Amino acid sequence: MAVSETDSASVRVKPKERFDFFHDERVRSIFYQLLTAGTVGWLAWYLITTTAHNLEVRGMNTGFGFLTATAGFDTDFKLIEYEPGIGTYRRIFFIGVLNTLLISFFAIIASTVLGFFVGILRLSSNWLVARLALVYVEILRNTPLLMQIIFWYVAVFSILPRVKNSIDLSGGAEVVFLNNRGLYAASPVPGDLFWMTIVAFVAAVIGVFFLSRWAHKRQDLTGQVFPTFSASMGLLIVVPGIAYLATGSPLDWDIPSLQGFNFKGGVSLPPAFLALLVALTFYHAAHLAEAVRAGILSVDTGQSDAALSIGLKQNRVLALVIIPQAMRAIVPPLISNCMNVVKNSSLAVAIGYSDVVALFMQTALNQAGYAVEMVGMTMAFYMTVSLSISGLLNIYNKRVQLVER
Amino acid sequence: MVVVRTQPTSSRTAPLSETTVIGWLHKNLFSTVLNAVLTLICLYIIYVVVKGLWIWGVADAVWVAKDRRECFDISIDGACWAGVIQWIDNIFYGRYPRTELWRVNLGGLLLVLWMAPLWLPRVRAKIFIGLSTVFLYPFLAGYLFAGGDKSLFMQVMVTLAMVCLAGNTAHAIIGVSSGRGLPDTLLRWLGKDQAPEATQRNTLLVLLAAALAVGYALQTGWTEEVVPWSKWGGMFLTLVISGIGIATALPGGIILALGRRSKMPVIRVMSTAFIELFRSVPLITVLFMATTMFPLFMPEGFVLNKLVQVIIAVSLFSACYMAETVRAGLQAIPRGQYEAAHTIGLGYWGMMGLIVMPQALKHMIPNIVGSFIGLLKDTTLVSIIGLFDILGMLRSVSQDVPWRGLHKEPLLFGAVVFFVVCSVMSKYSRHLEVKLSAGAKR
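Residues numbered from 1 in each chain as written. Chains lettered and ligands numbered in written order. Predicted model: local features only at pLDDT ≥ 70, side-chain atom pairs only at ≥ 80, totals over all residues. Heavy atoms only, no water.

Peer 1: So what's going on with the overall build of chain B? Residues and values would help.
Peer 2: Each helix and strand in chain B was counted, giving 20 helices and 0 strands. Against the 2.2 N^0.38 benchmark of 22 Å for 442 residues, chain B shows a C-alpha radius of gyration of 28 Å, more extended than a compact globule. Along the three orthogonal principal directions, the C-alpha set of chain B runs to about 95 × 80 × 55 Å. A burial count over chain B gives 43% of its 442 residues as buried. When the accessible surface of chain B is totalled, it reaches about 24000 Å², and 69% of it is carbon and sulfur. (Helix = DSSP H or I, 4+ residues; strand = E, 2+ residues; numbered from the N terminus. Rg over C-alpha atoms; globule rule 2.2 N^0.38 Å. Buried < 20%, exposed > 50% of the residue type's maximum accessible area, 1.4 Å probe, protein only. Areas by Shrake-Rupley, 256 points an atom, 1.4 Å probe, with all protein chains shown as cover.)

Peer 1: Report on the pattern of salt bridges, specifying residues and quantitative values.
Peer 2: Residues and elements named next belong to chain B. In the structure shown here, the tally under the stated rule is 11 salt bridges over all chains. Here Glu224 makes a salt bridge to Arg103, at a shortest N to O gap of 3.8 Å. Here Glu224 is found in the loop between α12 (197–220) and α13 (234–260), whereas its partner Arg103 is found in helix α7 (residues 101–115), with 121 residues between them in sequence. Each member of the pair, Glu224 as well as Arg103, carries the same accessibility label: buried. Of the charged contacts in the structure, one is a salt bridge between Glu324 and Arg327, with a shortest N-O distance of 3.1 Å. Here the residue Glu324 and the residue Arg327 both occupy positions in helix α16 (residues 306–331), the gap between them amounting to 3 residues, near one helical turn. In this structure, a network of salt bridges that share partners links the residues Arg260, Glu276, Glu324 and Arg327. (Salt bridge = Lys/Arg side-chain N within 4 Å of Asp/Glu carboxyl O.)

Peer 1: Requested: an account of a nonpolar patch on the surface, with residues and values cited.
Peer 2: Together, Ile198, Phe201, Val202, Val205, Ile206, Phe209 and Phe210 of chain A make up an exposed nonpolar region whose accessible area comes to about 650 Å². Structurally, Ile198 of chain A can be placed in helix α6 (residues 194–222). (Patch = residues over 30% accessible without salt bridge, like charges linked within 9 Å, V, L, I, M, F, W, Y side chains within 5 Å.)

Peer 1: Talk me through the domain arrangement of chain B; I want residue IDs and the actual numbers.
Peer 2: Per the domain assignment, the segments of chain B are domain 1 (16–81), domain 2 (88–96 + 232–399 + 407–442) and domain 3 (98–226). Its C-alpha centre places domain 1 of chain B at a distance of 37 Å from the equivalent point of domain 2 of chain B. (Domains from an automatic or database assignment.)

Peer 1: I'd like to hear about the interface of chain A and chain B, residue by residue, with values.
Peer 2: Counting residues at the interface gives 53 residues for chain A and 53 residues for chain B. Roughly 4800 Å² is buried in total at the junction of chain A and chain B, and carbon and sulfur atoms are behind 74% of that figure. Counting the surface chain A buries against chain B, the share from its top three residues, Gln33, Asn142 and Met147 of chain A, is 13%. The interface formed by chain A and chain B contains 1 salt bridge. Between Arg430 of chain B and Glu138 of chain A there is a salt bridge whose closest N-O contact spans 3.8 Å. Elements that contribute at least two residues to the side of chain A that touches chain B include exactly α2 (25–57), α4 (127–141), α5 (145–157), α8 (271–297), α11 (356–368) and α12 (371–402) of chain A. Sorting elements by how many residues they give to the side of chain A that touches chain B places α2 of chain A first, with 14 residues. Partitioned by chemical class, the residues of the side of chain A that touches chain B number 33 nonpolar, 16 polar and 4 charged. (Contact = heavy atoms within 4.5 Å. Buried area = accessible area lost by both parts, 1.4 Å probe. Nonpolar A, V, L, I, M, F, W, Y, C, P; charged D, E, K, R; others polar.)

Peer 1: Outline the nonpolar core, supporting the account with residue identities and numerical values.
Peer 2: Membership of the largest hydrophobic core comes to 184 residues, with the highest contact counts inside it found for Tyr353 and Phe360 of chain A together with Tyr96, Trp114, Trp232, Ile241 and Leu287 of chain B. Tallying contributions element by element places helix α10 (residues 314–344) of chain A first for this core, with 13 residues. Non-local contacts of Trp232 of chain B, meaning those with residues more than four positions away in its chain, are made with Tyr96, Phe145, Ala146, Val227, Leu237, Val240, Leu307 and Phe388 of chain B. (Core = buried A, V, L, I, M, F, W, Y, C linked by side-chain atoms within 4.5 Å.)

Peer 1: Tell me what's going on with the environment of Asp300 of chain A, and back it up with residues and numbers.
Peer 2: For Asp300 of chain A, the location among the structural elements is in the loop between α8 and α9 (301–309). Expressed as a C-alpha distance, the spacing of Asp300 of chain A and Gln325 of chain A, which sit 25 residues apart in the sequence, is 9.5 Å.

Peer 1: So what's going on with the state of the cysteines? Which residues, and what values?
Peer 2: Residues and elements named next belong to chain B. In this structure the tally under the stated criterion is 1 disulfide over all chains. For Cys71, the disulfide goes to Cys80, at an S-S distance of 2.0 Å. Its S-S torsion of approximately 65 degrees makes the covalent link between Cys71 and Cys80 right-handed. Under the relative-accessibility criterion, Cys71 is labelled buried at 3%. (Disulfide = S-S within 2.5 Å.)

Peer 1: Outline the side chain of Ser262 of chain B, supporting the account with residue identities and numerical values.
Peer 2: Residue and element names in this part refer to chain B. Along the polypeptide, Ser262 turns up in the loop between α13 and α14 (265–280). In this structure Ser262 comes out as buried when scored by relative accessible area, which is 12%. From its side chain, Ser262 meets the backbone nitrogen of Met264 in a polar contact 3.0 Å long. Discounting residues that sit within four places of it in the chain, Ser262 has contacts with Ile267 and Arg268. (Polar contact = N/O pair within 3.5 Å; in protein donor to acceptor, adjacent residues only side chain to side chain.)

Peer 1: Before we move on, could you go through the packing of aromatic side chains and cite the residues and values that matter?
Peer 2: Going through the model one piece at a time under the given rule, you end up with 30 aromatic pairs over all chains. Consider the rings of Tyr348 of chain B and Trp349 of chain B, whose centres lie 5.1 Å apart with planes at 85 degrees: the pair is edge-to-face. For Tyr348 of chain B, a relative accessible area of 36% gives the class partly exposed. Among the aromatic residues, those joined into a ring-pair cluster are Tyr136, Trp152, Phe157 and Phe282 of chain A. Over the ring of Tyr143 of chain B we find Lys150 of chain B; its NZ or CZ atom is 4.3 Å from the centre of that ring. (Phe/Tyr/Trp six-rings, centres within 6.5 Å; stacked < 30°, edge-to-face > 60°. Lys NZ or Arg CZ within 6 Å of the ring centre and 35° of its normal.)

Structure representation (structure tokens):
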């Protein structure tokens with residue numbers, strides 16, 4: 001009875017669904033979307049036709065044919081072979097891309113290491129150390145990066161001693177020199193049997209992998225802790241070392257030597273590279289330090305109390321309890337830091353390091369035109385790098401975050 | 001036997017480590033051997049750095065000289081601040097005509113006057129004051145800085161801005177002294193505070209119309225000499241670019257963020273693509289794009305000057321970063337707020353404009369200040385594409401014949417200027433963060 005009553009009541013109360021064209025949510029939604037798509041489409045069409053018309057009027061060439069044309073200018077720093085007048089614009093693009101990736105790679109590693117170091121110093125129980133770290137962070141974060149880059153370039157690396165009075169950074173061994181033309185260092189030249197050492201190293205890495213698995217298993221079963229870290233370090237040094245010595249030390253060094261007005265041999269890095277590397281490292285380390293500090297502070301003090309109370313030693317508490325949890329908060333800023341390093345390396349253009357912007361977007365564009373294509377290619381490169389870095393680290397981030405549940 | 005304590009035990013004195021200097025030193029600097037060593041190393045670093053800077057920058061520095069050679073003659077190892085001092089006007093104002101500098105200063109003063117009520121207690125309608133700063137002040141300041149003939153649009157905007165500024169100021173003075181708003185007070189004076197609502201509204205509209213007419217008459221008589229944009233420079237130009245950048249980034253960022261959170265797939269995809277595109281490339285590439293490609297986008301015979309190109313690029317770029325700030329602010333608003341707004345029958349814009357955005361914006365203020373600091377620093381990039389902002393001016397000191405090769409001192413001076421401006425702002429934003437979150441925590 002009661003059931004049928006409520007049923008009939010609900011049927012009576014239920015309003016009649018009348019389709020109102022102007023007030024229907026779906027109709028409106030489709031209308032707004034069509035409107036937006038139409039506006040954006042029209043804008044794109046307008047820009048494309050205007051650009052095409054302007055390009056035609058000005059007699060500018062279009063298309064990607066220029067990539068196979070030869071470029072007539074040289075670059076002072078390149079990782080792949082290139083001769084002006086023979087090399088193509090495609091090669092110029094790749095030189096720029098490689099140079100950007102090279103500086104970003106070193107700056108990311110250096111700034112991550114320094115950032116963690118300074119972030120931990122910020123939390124030091126020593127008042128003076130914590131204050132000094134704070135001063136470092138504040139100064140670096142509150143001045144423009146471009147100003148810092150230019151400062152390092154014009155006020156430090158450009159006024160180093162001349163080639164003849166180079167500073168010997170290796171302390172008398174004469175293998176690493178620093179002067180106003182850059183850094184010159186000995187480069188390794190592998191001999192015939194050097195591959196044996198590499199094979200031994202790879203074997204050692206695989207060994208370490210299995211060793212740590214075995215150690216984990218043994219700890220789970222018996223509770224005994226195996227000194228995995230020192231054992232792996234020993235393995236990584238001893239095995240390749242024996243292989244290296246057994247094959248008769250097949251590694252020579254190409255030592256830079258003063259010939260005429262400059263050093264010959266070895267590897268050399270221009271002052272602009274050094275200035276950019278130092279500036280990017282210091283600037284991004286300051287940003288990362290704050291993230292590291294916030295990450296460590298985000299771990300509840302109860303965690304370390306609990307870890308100490310079950311008898312873990314101070315260093316094990318840090319390694320097993322604090323750092324794994326802090327990493328959850330540190331990884332997202334770490335991702336954006338890596339991306340920012342890659343993006344900020346484009347400031348190289350201000351001091352003349354031949355990265356992709358300076359080489360391709362500025363020099364090549366001024367030489368050959370093709371504004372649309374060159375700007376597009378450069379932006380596409382940065383987008384690819386940014387999206388793949390964020391993709392890769394997001395995967396890691398997901399794995400770390402999952403531990404929470 | 002039962003012992004009952006009738007008096008509280010006297011409190012123990014604080015431990016020595018909390019009260020004496022020696023105790024503090026022992027606890028914070030010399031608690032272990034390692035700490036003691038670290039302290040000594042730090043003291044040595046501080047000693048070397050401070051002593052070096054003092055000798056170079058102050059003790060041996062040259063403050064008055066006519067060129068760099070004279071600096072060297074007076075002191076070979078000291079800083080040559082004379083060059084910076086001689087260029088100080090250029091560093092702050094660029095090549096703006098020296099007789100017209102008052103216009104730049106007045107523009108700054110008007111901004112302070114306009115925004116001051118935001119910090120005064122008992123002043124109402126602060127949202128309106130904030131919005132008018134973003135939407136009207138730029139036109140008044142723009143005319144003040146650029147000068148020349150006013151188009152009809154500019155005449156209207158300048159009139160509105162002048163009336164708004166006068167109204168704001170009167171409103172703030174009345175607010176501080178009596179706690180009432182300007183409209184209330186005007187109605188009281190005219191004896192119409194008891195009149196029906198329609199009469200009150202009509203009276204106010206008449207007053208506004210009269211004020212606009214007076215303002216329009218005033219501004220027709222006001223013309224300034226033209227100062228072409230190419231003469232703008234120094235810190236002034238940096239502030240103009242980053243100020244316009246942040247003022248346009250805010251509405252743009254709100255629209256993009258709403259678009260990204262929209263339920264309509266086309267709008268969401270387009271907003272997301274736009275935001276991610278600009279966020280994944282460096283600002284310098286956007287600036288290069290602006291200078292090389294914008295001229296191609298324009299119809300024939302229409303030329304954008306470089307400053308406008310740069311401002312458009314900076315605005316687009318910062319709007320995308322602002323969008324992410326706004327999105328984070330929107331995400332912090334609990335779902336219940338959206339649902340409650342729907343329940344009382346508000347539509348999408350009513351819900352966003354009246355319920356969600358006011359709460360979200362309040363929480364975003366610290367981050368918006370942070371974005372402004374970032375933009376101010378990033379604006380130095382325009383020196384790469386040939387505008388003479390503060391960094392461009394600092395670098396041209398070393399190109400000036402008498403001061404050729406003077407790099408370090410101008411750059412350090414600029415760094416100090418930025419450091420002061422940026423750290424004051426970031427301190428303030430941290431203070432705001434604490435102040436604004438105090439109410440939310442209960």
